[in-house]
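One letter stands for each residue in the lines below.
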Amino acid sequence: GQMPQGLRIDVPPTYEVNREHTFDTLSLMQNKKIFANYGISVLEVQPSKLDVTIDQIVERDAKLVLPPDVKNVEATFAPPTVKVRGPLSVLNHAQQAALHDEVGQLFLYAILPDHILHTPGHYDVPEVLASRPPELQDDRVTIESPSKIRASVEVAQTDKKLFKPSLPVTIDMP
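The shown structure was predicted, so the numbers you read here are calculated from the model rather than taken from an experiment. (Residues numbered from 1 in each chain as written. Predicted model: local features only at pLDDT ≥ 70, side-chain atom pairs only at ≥ 80, totals over all residues. Heavy atoms only, no water.)

A. Looking closely at the sheet that holds strand 3 (residues 57–65). Strands sit in the order 8-6-3-5-9 across an open sheet of five strands; the sheet is mixed. The sheet is open, and its two borders are formed by strand 8 (129–131) and strand 9 (142–144), each paired with just one other strand. Pairwise comparison of adjacent strand axes, ignoring direction, gives a mean angle of 40° for this sheet. Bridging between strand 3 and strand 5 (residues 81–87) involves seven bridges; their strand directions are antiparallel. (Pairing = 2+ DSSP bridges. Helix = DSSP H or I, 4+ residues; strand = E, 2+ residues; numbered from the N terminus. Axes fitted to C-alpha atoms, helices over the stretch in contact; angles between N-to-C directions.)

Pasting the structure below:
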């Protein structure tokens, strides 16, 4: 058989957005036409109350940045920001939790091709993908990306030095 799809709950347009509301689930279910059409009387439901938050869907600008694990790389992006769409509470939380240079700024990670990250030089990347940081990993958040994000990338030479504070030296004598 098929999995049940659930029942749709219509929220009256008079309810305020961006706040919590409590619904009486018995009256919600008693008013469903599907039950009346089949002669079903709903007498009891669990839970008796349903607390919901009606969250406004908003669009915000998110700055494109390199992921924190990408080192020795400088990049500029065109466009430098993209639109992110999602619930106001989720986007506000992500802005407050932003651990990047600009506190309060939404950001997305620009994913560069692996092959250029390990070879020093200048690269013009015609198409870059945008990825959501952990704070925006929510199915309700979408990236309203432009058709293409371009990048100008400078990969610096990595200078790896090994420092040993001490080294034992032994003299072998016959």
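B. The environment of Val-125, seen in detail. Mapped onto the elements, Val-125 comes out in strand 7 (residues 121–125). Val-125 gets classed as buried once you look at its relative accessible area, which sits at 7%. Val-125 sits 26 residues away from Ala-151 along the chain, and the two C-alpha atoms are 5.0 Å apart. Not counting residues within four places of it along the chain, the set of residues in contact with Val-125 comprises Pro-113, Ile-116, Ile-149, Arg-150, Ala-151 and Val-153. (Buried < 20%, exposed > 50% of the residue type's maximum accessible area, 1.4 Å probe, protein only. Contact = heavy atoms within 4.5 Å.)

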